[in-house]
Amino acid sequence: MADLALASSEITYAGVTRTVSRITERKTSRAWYVAISITGSFVLALGAMLGYLFFTGIGVWGNNSPVGWAWDITNFVFWIGIGHAGTLISAILFLLRQRWRTSINRFAEAMTLFAVVCAGIYPLVHVGRPWRAYWLFPAPNAALDLWQNFRSPLLWDVFAVSTYGTVSLLFWYVGMLPDLATLRDRAVSRARRIVFGLLSLGWRGSARHWKHYEMAYLILAGLSTPLVISVHTIVSFDFAVSVIPGWHTTIFPPYFVAGAVFSGFAMVVTLMVVARKVFGLEHLVTIEHMDNMCKVMLATGSIVGYAYAVEFFTAFFSGNPYERFVFLNRATGPYAWAVWTMFTCNVFAPQLFWFKRIRRSIPVMFALSIVINVGMWFERFVIIVTSLHRDFLPSSWGYFRPTFVDILTFAGSFGLFLTLFLLFVRFLPMIAMSEVKALLTVGQASGLSTSPQSSPLAGDPSHGVIGEFETPEALLNAVRAARSKGFNKLDALTPFPIHGIDKAMGASRSKLGYFAAAMGFIGCASALLLQWWTGAKAYPLVIGGKPLFAFEFSIPITFELTVLAASFGAVFGMLALNGLPRLYHPVFNYRRIHAASDDRFLLVIENSDASFRAGEAGELLVSMGATNVEMVPE
Amino acid sequence: MTHPETYILDERAWTRGRNIIAALAAAGVAAAALGWQSNPRQFFASYLVAYVSFVLIALGGMFFVMLQHLTGSVWSVTMRRVMENVMVTVPLAAVLFIPVALGIPTLYEWSHHEFRSQDPVMAVKMTFFNPVFYLARTTAYIAVWTALALILYRNSVERKKAVWWSGPGLGALMITVTMASVDWLMSLEPHWYSTIFGVYVFSGGALAFVAALTLILLAFRRAGVLATAVTVEHYHDLGKWMFALTVFWAYIAFSQYLLIWYANIPEETIWFQHRLEGNWIYISGTLLMGRFMLPFLVLLARAPKRNLGVLGFMSVWMLAMHYLDLHWIVMPTVDRHGFHLHWLDLATFMAVGSLFALAFWYRLKGRALAPVGDPRLEQSLDFKNV
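Residues numbered from 1 in each chain as written. Chains lettered and ligands numbered in written order. Predicted model: local features only at pLDDT ≥ 70, side-chain atom pairs only at ≥ 80, totals over all residues. Heavy atoms only, no water.

1. Side note on the overall build of chain B
In terms of helices and strands, chain B carries 18 helices and zero strands. Relative to its length of 386 residues, chain B is compact, with a C-alpha radius of gyration of 21 Å against a globular reference of 21 Å. Dimensions of chain B along its principal axes, counting C-alpha atoms only, are 70 × 40 × 40 Å. Here chain B holds 386 residues, and the buried ones make up 59% of them. In chain B, 83% of the contacts between residues at least 6 apart in sequence involve partners at least 24 apart. Roughly 15,100 Å² of accessible area belongs to chain B as shown, and the carbon and sulfur atoms make up 69% of that amount. Computing the positive centroid from 27 side-chain charges and the negative centroid from 21, chain B places the two 9 Å apart. (Helix = DSSP H or I, 4+ residues; strand = E, 2+ residues; numbered from the N terminus. Rg over C-alpha atoms; globule rule 2.2 N^0.38 Å. Buried < 20%, exposed > 50% of the residue type's maximum accessible area, 1.4 Å probe, protein only. Contact = heavy atoms within 4.5 Å. Areas by Shrake-Rupley, 256 points an atom, 1.4 Å probe, with all protein chains shown as cover. Lys, Arg positive; Asp, Glu negative; His and termini not counted. Charge placed at Lys NZ, Arg CZ, Asp CG, Glu CD.)

2. What to know about the overall build of chain A
Scanning chain A from terminus to terminus reveals 20 helices and four strands. Relative to its length of 634 residues, chain A is compact, with a C-alpha radius of gyration of 28 Å against a globular reference of 26 Å. With respect to the three principal axes, the spread of C-alpha positions in chain A is 95 × 60 × 45 Å. For chain A, with 634 residues in total, the buried portion stands at 59%.

3. A few points about the sheet that holds strand β3 (residues 601-606) of chain A
Residues and elements named next belong to chain A. What the four strands build is an open sheet, ordered β2-β3-β1-β4; its pairing is antiparallel. Each of the sheet's edge strands pairs with one partner strand only, and the pair in question is β2 (490-493) and β4 (627-632). If you compare each strand with its neighbour and ignore which way they point, the axes differ by 20° on average. (Pairing = 2+ DSSP bridges. Axes fitted to C-alpha atoms, helices over the stretch in contact; angles between N-to-C directions.)

4. What about the packing of aromatic side chains?
Under the counting rule described, the total for this entry stands at 104 aromatic pairs over all chains. Summarising the aromatic geometry, the rings of phenylalanine 252 of chain A and phenylalanine 256 of chain A are spaced 4.8 Å apart at their centres and angled 40° between planes, so their arrangement reads as tilted. With phenylalanine 252 of chain A and phenylalanine 256 of chain A both in helix α8 (residues 252-278), this residue pair falls four residues apart, about one helical turn. The exposure classification of phenylalanine 252 of chain A matches that of phenylalanine 256 of chain A, with both residues buried. The interplanar angle of 75° and the centroid separation of 5.2 Å between the aromatic rings of phenylalanine 410 of chain A and phenylalanine 414 of chain A together place this pair among those described as edge-to-face. Of the two residues, phenylalanine 410 of chain A and phenylalanine 414 of chain A are both situated in helix α14 (residues 404-427); the distance of four residues between them amounts to about one turn of the helix. Assessed through its relative accessible area of 27%, phenylalanine 414 of chain A is described here as partly exposed. A cation sits over an aromatic face here: arginine 137 of chain B above phenylalanine 133 of chain B, 4.4 Å from the ring centre. (Phe/Tyr/Trp six-rings, centres within 6.5 Å; stacked < 30°, edge-to-face > 60°. Lys NZ or Arg CZ within 6 Å of the ring centre and 35° of its normal.)

5. Here we look at a nonpolar patch on the surface
Residues and elements named next belong to chain A. A cluster of nonpolar side chains, namely Val34, Ile38 and Phe42, defines an oily patch on the protein surface of about 260 Å² accessible area. Mapped onto the fold, phenylalanine 42 is located in helix α2 (residues 30-56). Taking relative accessible area as the criterion, phenylalanine 42 reaches 36% and is therefore assigned partly exposed. (Patch = residues over 30% accessible without salt bridge, like charges linked within 9 Å, V, L, I, M, F, W, Y side chains within 5 Å. Salt bridge = Lys/Arg side-chain N within 4 Å of Asp/Glu carboxyl O.)

6. Some words on the interface of chain B and chain A
Counting from both sides, the interface comprises 42 residues of chain B and, opposite them, 42 residues of chain A. Between chain B and chain A lies a buried interface of about 3,500 Å² when both sides are counted; carbon and sulfur atoms form 69% of it. Among the residues of chain B in contact with chain A, Thr195, Leu259 and Tyr262 of chain B are the three that bury the most area, contributing 23% of the side total. Our count for the contact surface shared by chain B and chain A stands at 15 residue pairs in polar contact (both at pLDDT 80 or more). Put simply, the parts of the chain that give the side of chain B that touches chain A at least two residues each are α10 (163-184), α12 (232-263) and α13 (266-274) of chain B. Top element by residues in the side of chain B that touches chain A is α12 of chain B. It accounts for 14 residues. Classifying every residue of the side of chain B that touches chain A gives 26 nonpolar, ten polar and six charged. (Buried area = accessible area lost by both parts, 1.4 Å probe. Polar contact = N/O pair within 3.5 Å; in protein donor to acceptor, adjacent residues only side chain to side chain. Nonpolar A, V, L, I, M, F, W, Y, C, P; charged D, E, K, R; others polar.)

7. Some words on the pattern of salt bridges
Residue and element names in this part refer to chain A. Under the definition given, this model contains 19 salt bridges over all chains. Its salt-bridge partner being glutamate 25, residue arginine 186 comes within 2.9 Å of it at the nearest N-O pair. One end of the pair, arginine 186, is in helix α5 (residues 153-186); the other, glutamate 25, is in helix α1 (residues 13-25), and 161 residues separate them in sequence. On the basis of relative accessible area, arginine 186 is assigned to the partly exposed category, the value being 28%. Across the pair lysine 489 and glutamate 606 runs a salt bridge, and its minimum N-O distance is 3.4 Å.

8. A word on the pairing of strand β1 (residues 464-469) of chain A
Residue and element names in this part refer to chain A. Across the six residues of β1, six count as buried, placing the element largely inside the fold. Neither face of β1 is open: one carries Gly464, Ile466 and Glu468, the other Val465, Gly467 and Phe469, and all of them are buried. Two elements, β1 and β3, share six bridges in a ladder whose sense is antiparallel. Residue pairing for β3: glycine 464 is matched across the bridge by glutamate 606.

9. Overview of α1 of chain A
Residue and element names in this part refer to chain A. The end-to-end C-alpha separation of α1 is 18 Å, in line with the 18 Å expected for 13 residues at 1.5 Å each. For α1, the set of buried residues is Tyr13, Ala14, Gly15, Val16, Thr17, Val20, Ser21, Ile23 and Thr24. Where α1 is buried, its residues touch α5, α6 (190-199), α14, α15 (433-439), α16 (472-484) and β3. (Expected span 1.5 Å × (residues − 1).)

10. Considerations on helix α20 (residues 614-623) of chain A
Residue and element names in this part refer to chain A. Listed as buried for α20 are Ala614, Ala617, Gly618, Leu620 and Leu621. The arc that holds every buried residue of α20, seen down its axis, measures 160°, which confines them to one face. Seen from the buried face of α20, the exposed residues on the opposite side, beyond 90 degrees, are Glu619 and Ser623. For α20, the elements touching its buried residues are β1, α16, β3 and β4. Where α20 ends, the next residue or the one after it, glycine 625, has phi of about 100°, a positive value. (Arc of directions from axis to C-beta.)

11. Things to note about the confidence of the model for chain B
A residue-level look at chain B finds 98% of positions with pLDDT of 70 or above and a mean pLDDT of 89. Complex prediction metrics read pTM 0.90 and ipTM 0.90. (pLDDT = per-residue confidence, 0-100.)

12. Structural notes on unusual backbone geometry
The peptide bond linking serine 65 of chain A to proline 66 of chain A adopts the cis configuration, its omega dihedral lying at 5°. Looking at the secondary structure, you find proline 66 of chain A in the loop between α2 and α3 (71-95). In this model, leucine 580 of chain A is joined to proline 581 of chain A through a cis peptide bond whose omega is -5°. Along the chain, the position of proline 581 of chain A falls in the loop between α19 (551-577) and β3. Positive phi values are uncommon outside glycine, yet leucine 201 of chain A reaches one of about 60°. The exposure class assigned to leucine 201 of chain A is buried, which follows from its relative accessible area of 13%. In the Ramachandran plot, asparagine 264 of chain B falls in the positive-phi region, its phi being about 60° despite a non-glycine side chain. Inspection of the secondary structure puts asparagine 264 of chain B in the loop between α12 and α13.

13. Re the pairing of β3 of chain A
Residue and element names in this part refer to chain A. Buried residues dominate β3, accounting for six of its six residues. Bridge analysis of β2 against β3 gives four bridges, and the strand direction is antiparallel. Following the sheet pairing, leucine 490 is matched in β3 by isoleucine 605.

14. Describing the confidence of the model for chain A
Residue and element names in this part refer to chain A. Model confidence for chain A is summarised by a mean pLDDT of 86, while 95% of its residues fall at 70 or above. Across residues 1-6, where pLDDT falls below 50, the model places 15 contacts with residues more than four positions away in sequence or in other chains. For the stretch residues 442-450, pLDDT sits under 50, and the model shows twelve contacts to residues farther than four places along the chain or on other chains.

15. Re the packing of helix α2 (residues 40-71) of chain B against helix α16 (residues 308-334) of chain B
Each pair of packed helices can be summarised by the angle the axes make with each other and by the distance between the axes. Residue and element names in this part refer to chain B. Where α2 meets α16, the closest approach of the two axes is 9 Å, and the angle between their N-to-C directions is 140°. With respect to α16, the axis of α2 lies oblique. Crossing of α2 against α16: the hand is right-handed. Facing Arg41, Gln42, Ala45, Ser46, Leu48, Val49, Ala50, Val52, Ser53, Leu56 and Ile57 of α2, the residues of α16 in contact are Leu319, His322, Tyr323, Leu326, His327, Val330, Met331 and Val334. (Parallel < 35°, antiparallel > 145°, perpendicular 65-115°, else oblique. Left-handed = near helix turned anticlockwise from the far one by under 90°.)

16. Section: the environment of arginine 129 of chain A
All names here are of chain A. Relative to the assigned elements, arginine 129 resides in the loop between α4 (105-126) and α5. For arginine 129, a relative accessible area of 56% translates into the label exposed. In this structure, the C-alpha to C-alpha distance between arginine 129 and threonine 28, residues 101 residues apart in sequence, is 40 Å.

If you want it as structure tokens, here you go:
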């Protein structure tokens, strides 16, 4: 993949900062107000419908015997699936070194979070008594000392979705730290400076920061990859551990995951087509990016098609009359219209992406992405409703129809999703500036620099001496020169991580991995202990003929808690090793410190001991081509 | 940066290698033929395990070649020709299928007329389960693989576009491998079915291919070929793939096992029951420990993936586990007396393996072992993990 095409060549570091930051800084447009009032009114509808539900009961939905799960779970799975693209883009494509992800990852990660919020609503309200929802969390409830049933995939879901939400939030936030610092440094108003100052935790872009940050990012990516797969796997277990034909099939886990990625990418495309047009991001999110996303949709859509085919084939192959009936009923029964909608939207429509012309036509891909979103909603509907509506006994056959409450709740969840999104694009940097900058390579000097320094340095060097460079290479040369002159206490402040700087500064590899591993071990051990002790010791109760404790059913929750704890280890370990949050630091006294989060590469020669030669340090910086060399007080 | 390597195995080394492999092949084939006469039942079962093991490695190679084309990956360009050489041994699968075809009455219960007519479930599956249709399907799979392998190989050597073929090719490969695993392996227990089975078999094959590729590259390295072209950085990436596929295989295996364990439907659990009875339970345990836990723990950290000794050992280990996995799938259906290794297991493994190796070896004669014309080769040679 040619990197050149991934961000237009005329874009500079400062250009990236400006393009992305300005969106959050300029006056709120009228269109935004109009949009948020529309989406906001849907949120009100959602609130009204949920209120009605709470006061009346689940009967306001169309669910009825034999279809006890319908739109609620369909929408839950639909939203969770949408969320998967975010983590896929940020984690899996990162590990696969697919660098085109940088322009879209922040956007997709935000989408993940909001989708998880929307998804979480459904199981929460479906429990019947949502004010008792805390009973889902591992603590003995009521006076009975009852514990949760850890053998139930529904409880696995609670752990999976809450872990996923938490880790996605951490991933998103950690990834945003450098950009929040950029917004802080650009802030004009005091309010913005305080808000972004607090949010960025005092991020300075120091070489030490970047070292641990990059390691934290790598670990989070490594953890999120199996996590994102586990989430939809566990969602698929909700159905597949049962004995219902149409639900109980072993291909469900990977098939659900592929479908989730498929629908998630479709949603990214839908939103991105609009966002890049409205905010003028065509230079950062190029047609190349859109093309790649279409390819991902083609691949995942084909995997989903493979799974459909295998299911139909195996139903035939099994010779099991119930299996055969369910699939025949799907294709020809009362819900055949939904099934064929699903096939058309999910399998046939994306085949158009084989053609390059289609992958590069924004209107066509926009239309197709919506078609796929519709298709993936129908997929969940088909799986859930068609498998239930014809029970084993023909006397309990039925046909599900949604009520207006079902419909308005679903529409309201879209309103919530879009409202959160509008808030995000209005107030936060929607493109990862530091990551995009790291991809730009040539022709960066923007010509804004001041003339070379001539006046002798004055001031208090109690912290050290700082100078700024225009390119990473100049910075690296200066680091090497400083070390050869015996200045060993150096720090570099840069807008993105500079490769090779740790080596040049003589720093070791980050030890953050040990933090994460230790925490992961603790999470793993406590999850096993929790499930064994509650299930087999504290409250032994045979459920569904399952053993009181078995490794088979304890693996999902053990996995989730391991990942959760290890992610905490990585994020909080990174903050601890970096000494963050630290809102004040002497380098902030430097007049042009804001350049370090924009387009300049700052080198600090720190005052290491009594014999610190500030003058010599300053001369060295100037001789290496630094501008704006200054003494910085403690 | 200059890379003085010629990438061509010198004549003498090639001949020596050929002689060793040919000797192994002769011994293996002779022993296997002897076994065919003396103990046909054991022979056919052992042969099927060996056959599927090696075919899956070649197909794993095809999967990787197409994947590299589709993702435009740079790191793997130096070793792509070796991948292609493994892949292009696949036409041999046609000839080597003959013993399996002759073994149908021994291996597959469904081929017995009385079995089909007495079993009500089988009665509805008659159309699918008859030797003629079975052979026709197998012929189709091997024809697809052969065509794909030759096209991909030729396009790569002639530096034509291989990307175009890789997309549809990957789809065709997935479908044919799934169907082949249903026909060759799943139908050994004709009542049993599992929708994930094709993915399970294929994920194991892809993993075995990465192990085989690593071993081949390490052997070349020892012989002084591709020694500077495939650096520790490339091995590191191979180690990552080995790790990732180990986890993927475990994920698929766990999904299949958990869902069947949990639902507890007799017609499904019987398959695992056969593999947990008697001393088979130790083999199931060995697969859990040896095919997942050990490689997971060993390959998790960075250092072992960059240590060629460790990586070499893990490759041999993973290949052994690949064989054991297929043995565990096939043998309990043929032999109800528990796990035991028969000398015919070794003989068939040697015979099939060395014939595939010979096909691989003949491609190397006088040809470059790296895609020298690929414009991305230089970039790949300088590749570094960050």
